[in-house]
Amino acid sequence: HITNTVLGIAALCSVYAICRRIFIFEHPYEVACIVAMVAFHPVLFANSVNLNPDFGVFVFFLCCAASLLYQRYFLAMICGIFLILSKETGTFIYLVLLAIESVRLMKSKKELLKPEVLKLSVLSIPLVVLVVFAVFKGAVVFGDWAYYFFRGWTSLTSIIFNTFYV
């Protein structure tokens, strides 16, 4: 239960950070009430007792979103790796977060400068980790990695499909 407790606290800290960034509060107890409501929400409260694979997606989505709001790209990359490797839906959620952050960076500058390209490249590392994981698991589980490697993109998609559904 210690792992679930730590993940729950990370989720609550992320909710606190997101609320502080998005909303303007007159009193500190207002944000504390929102965090308390999230803490006793069944998604977070029930997962502190029973293990659920969706809990990792929930926690790391909040952590990744908070990191992107505060432009902490290295932390967002680490959270993105955990988000992608938590469950298949985490990959889709990370792609949505990456698209939103890309649009935000491009809207903030008229021309895409070198720092923005570097930020986006750091945020693409979790996708590289996913491909390496899928190829490694495909090679270990399905044996002949060279067969999958030399067949190209269609074999990569079949490895990813088989990785999540085997």
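Chains are numbered independently. Their residues run from 1 in the order of the written sequence. Local features in this predicted model are restricted to residues whose pLDDT is 70 or higher, and side-chain atom pairs enter the listing and the counts only when it is 80 or higher, whereas totals over whole chains, interfaces and linings include all residues. Based on all heavy atoms of the structure, the side-chain values leave hydrogens and waters out of the count.

Chemist: Hey, could you go over the side chain of serine 102 for me, with residue numbers and the actual values?
Modeler: Along the chain, the position of serine 102 falls in helix H6 (residues 88-108). Between N or O atoms, a polar contact is any pair within 3.5 Å; within protein, one atom must be a potential hydrogen donor and the other a potential acceptor, and residues adjacent in sequence are included only when both atoms are from side chains. Only 2.8 Å separates the side chain of serine 102 from the backbone oxygen of leucine 98, close enough to count as a polar contact. Helix and strand definitions here come from DSSP, where helices need a minimum of 4 consecutive H or I residues and strands a minimum of 2 consecutive E residues; each element is numbered from the N-terminal end.

Chemist: Can you explain the environment of leucine 97? Please cite residues and give values.
Modeler: Relative to the assigned elements, leucine 97 resides in helix H6. Exposure categories follow from relative accessible area, calculated using a 1.4 Å probe and restricted to protein chains: below 20% of the type maximum is buried, above 50% is exposed, and the middle band is partly exposed. Judged by its relative accessible area of 11%, leucine 97 is buried. When the C-alpha positions of leucine 97 and cysteine 64 are compared, they lie 8.3 Å apart, and in sequence the two are 33 residues distant.

Chemist: Run through unusual backbone geometry, naming residues and quoting values.
Modeler: The phi dihedral of glutamine 71 is positive, around 55°, even though this residue is not glycine. Looking at where glutamine 71 falls in the secondary structure, it is placed in the loop between helix H4 (53-69) and helix H5 (73-86).

Chemist: Now, about the pattern of salt bridges: what can you tell me, with residues and values included?
Modeler: Any carboxyl oxygen of Asp or Glu that lies within 4 Å of a side-chain nitrogen of Lys or Arg is treated as forming a salt bridge with it. Applying the stated criterion across every chain yields a total of two salt bridges. Ionic pairing is found between lysine 87 and aspartate 54, a salt bridge with its closest N-O pair at 2.6 Å. A residue pair is termed long-range when its members are at least 10 positions apart, and lysine 87 in the loop between H5 and H6 and aspartate 54 in helix H4 qualify at 33 residues. Exposure remark for aspartate 54: the relative accessible area of 36% places this residue in the partly exposed category. Between arginine 104 and glutamate 101 there is a salt bridge whose closest N-O contact spans 2.6 Å. Placement of both arginine 104 and glutamate 101 in helix H6 is noted, with a separation of three residues, approximately one turn of the helix.

Chemist: Help me get a handle on H5, residues and values and all.
Modeler: Each residue after the first adds 1.5 Å to the expected span of a helix. End to end, H5 covers 19 Å across 14 residues, agreeing with the expected 20 Å (1.5 Å per residue, within 8%). Those residues of H5 that fall on the buried side of the exposure criterion are Tyr73, Ala76, Met77, Cys79, Gly80, Ile81, Leu83 and Ile84.

Chemist: An account of empty space enclosed by the protein is needed here, citing residue identities and associated values.
Modeler: Only protein atoms enter the 1 Å grid used here, on which a cavity is any set of points holding a 1.4 Å probe that cannot leave and a pocket is any open set flanked by protein within 12 Å on both sides along at least five of seven lines; residues with an atom within 4 Å of a point are listed as lining. Grid points are joined across faces, edges and corners, and a volume is the space filled by probe spheres set on the points. Tallied over the full model, the rule gives one cavity of 30 Å³ or more. Here the largest cavity is characterised by a volume of approximately 30 Å³. Contributions of two or more residues to the lining of the largest cavity are made by H4 and H6. Looking at the lining of the largest cavity, the element that brings in the most residues is H6, giving four residues. Residue classes in the lining of the largest cavity are distributed as seven nonpolar, no polar and one charged. Ten residue types, Ala, Val, Leu, Ile, Met, Phe, Trp, Tyr, Cys and Pro, are classed as nonpolar, four, Asp, Glu, Lys and Arg, as charged, and the remainder, Gly among them, as polar.

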